[in-house]
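Commentary on secondary and tertiary structure
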Amino acid sequence: MNEIVITGDGSHTIFHCSLNEHYHSTFGAITESKHVFIRNGLHCVSKDPVTIFEVGFGSGLNAYLAFLDARQHKRSVTYYTIEKYPLDFNVVQQLNYPSLLSAEESNKLLFYTLHETGWEKPIAVTSFFRLYKIKADLISFDPFFYFDVVFYDAFAPDKQPEMWTVEIFRRLYNRLNPGGILTTYCVKGEVKRNLKEAGFGIKKIPGPPGKREMLKAIKLPSASNMR
Ligand SMILES: C[S@@+](CC[C@H](N)C(=O)[O-])C[C@H]1O[C@@H](n2cnc3c(N)ncnc32)[C@H](O)[C@@H]1O
C-alpha cells in the first residue's frame, strides 16, 4: 500500500506503508533529489556522453531531473535504472513533479513517457536521453554495462539492510568507469565501511535540508577526474 504525501518544498513523495518509509526526504523531495543526485552526482562528472545507473526507479523523479538537466545543458545521457516493484501508473499520474518542474507541456508529458516505456530494452526518449529500465532484484543483479555515476537511492539500511552490502557495492565498483562516483543520501557507518571495503574512497559532504551530511563515493585511484 502506498500513500502520496506533500513534503517541505511542496513536492510529493510516496509513503510505503508496510516498510513505514518515505521514498524521499519529507523536508523536500525535489530539493533532496536535486542536491544528492544532480548537483553532487551528475554535475560532478564532466563526461559527455555520460552514463548513469540508478538504484530504485520508483517515482521516476531522479530520471526526470536527469532528463531535464540533460536538456538544459545539451548533454547526452544514457540512464539505466533498476526497479523490483514498479509503481502503479495511477499513483504516478497523481505526482506533482511535471507541474512543479516544467513549464512546457511536452516536457511535462515526458515524465509519463519515462514510466510508460517498456522494460529490458534501450529507448531513445529524445535524441539526447536514452533510457534503459531493468525490472529486477538488485540483490542478484550483475550489471552488464559500464557507467560513470551511480544514483544510489535504495530505502534506508535500517529498512532494507540487504541493499547496502559489500557484495553489491563491489559489483557496482567493478562496472564504474575510472573517475566515476556513487552518490547517496545515507551516511550510516556501516554503509561507509562497506563502500570502503568494496574499493571506494569516501567523502562526506553537506546534505540537503534536514540532513547534515550525505556521501559521495569515488572510484579510486582515478579520483583526480572529480570536479
Ligand atoms: C527510496 S525509494 C527511491 C525511488 C526513486 N529513486 C524515487 O526517486 O522515487 C527506493 C526504491 O527501491 C526499490 N527497491 C526496493 N528493493 C529493491 C530491490 N531489491 N531491487 C530493486 N529495487 C528495489 C523500491 O521499490 C523503491 O522504488
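Residues numbered from 1 in each chain as written. Predicted model: local features only at pLDDT ≥ 70, side-chain atom pairs only at ≥ 80, totals over all residues.

A separate point is the site of the ligand. Around the ligand sit 17 residues, and of these G56, G58, S59, K84 and L138 come closest. Elements supplying a minimum of two residues to the shell around the ligand: α2 (61-73) and β5 (77-83). Looking at side-chain class alone, the shell around the ligand contains eight nonpolar, five polar and four charged residues. (Near = placed C-beta within 6 Å. Helix = DSSP H or I, 4+ residues; strand = E, 2+ residues; numbered from the N terminus. Nonpolar A, V, L, I, M, F, W, Y, C, P; charged D, E, K, R; others polar.)

Let's shift gears to the environment of T117. Here T117 lies in the loop between α5 (105-116) and β6 (122-124). Measuring from C-alpha to C-alpha, the distance between T117 and L215 comes to 31 Å, with 98 residues separating the pair along the chain. For T117, the contacting residues outside a window of four places in its chain are I123, L131 and K133. (Contact = placed C-beta atoms within 7 Å.)

Pairing analysis gives four bridges linking strand β8 (residues 147-152) to strand β9 (residues 176-184), with the strands arranged parallel. Opposite V150, over in β9, you have L182 as the bridge partner. For the crossover that starts at β8, traverses helix α6 (residues 166-175) and ends in the parallel β9, the hand is right-handed. Sheet topology note: the β9/strand β11 (residues 213-219) ladder contains four bridges and is antiparallel. Bridge pairing in β11 places I181 opposite I218. (Pairing = 2+ DSSP bridges. Right-handed = clockwise from strand over helix to strand, strands pointing away.)

Another point: the environment of I218. In this fold, I218 is placed in strand β11. Taking the C-alpha atoms as reference points, I218 and L195, 23 residues apart in sequence, are found 9.5 Å from one another.

A few words on helix α1 (residues 29-39). Burial of α1 is extensive: eight of the eleven residues sit out of reach of the surface. Considered for burial, the residues of α1 that qualify are A29, I30, E32, S33, K34, H35, V36 and F37. Among the structural elements, β2 (12-16), α2, α4 (97-101), β8, β9 and β11 are those in contact with the buried residues of α1. (Buried ≥ 20, exposed ≤ 12 C-beta atoms within 10 Å, placed from the backbone.)

Right, let's talk about the sheet that holds β2 for a bit. Strand order in the open sheet formed by three strands is β1-β2-β3, with antiparallel pairing between adjacent strands. Edge positions in the sheet fall to β1 (2-6) and β3 (21-22), since each has one partner strand and no second. Inspection of the sheet shows β1 paired to β2 by five bridges, in the antiparallel sense. The partner of N2 across the bridge, within β2, is H16.

General note: in soluble globular proteins, nonpolar side chains tend to be found buried as a group. Counting 53 residues, the largest nonpolar core has I52, A63, A66, F67, Y79, V149 and V150 as its most contacted members. Take this core: its biggest share by element is six residues, from α2. For A66, the contacting residues outside a window of four places in its chain are I38, L42, I52, V77 and Y79. (Core = buried A, V, L, I, M, F, W, Y, C linked by C-beta atoms within 7 Å.)

The residue after D48, namely P49, is reached through a cis peptide bond having omega 5 degrees. In this fold, P49 is placed in the loop between α1 and β4 (50-55). For K74, which is not a glycine, the phi torsion comes out positive at approximately 50 degrees. Within the secondary structure, K74 sits in the loop between α2 and β5. Among the residues examined, K74 registers 8 C-beta atoms within 10 Å and is labelled exposed. Positive phi, normally seen in glycine, also occurs at E120, with a value near 60 degrees. Mapped onto the elements, E120 comes out in the loop between α5 and β6. Taking the number of C-beta atoms within 10 Å as the measure of exposure, E120 has 9 and is therefore exposed.

With 97% of its residues at a pLDDT of 70 or more, the protein chain shows a mean pLDDT of 95. Of the regions scoring below 50 in pLDDT, residues 222-227 engages in eleven contacts with residues more than four places distant in sequence or in other chains. (pLDDT = per-residue confidence, 0-100.)

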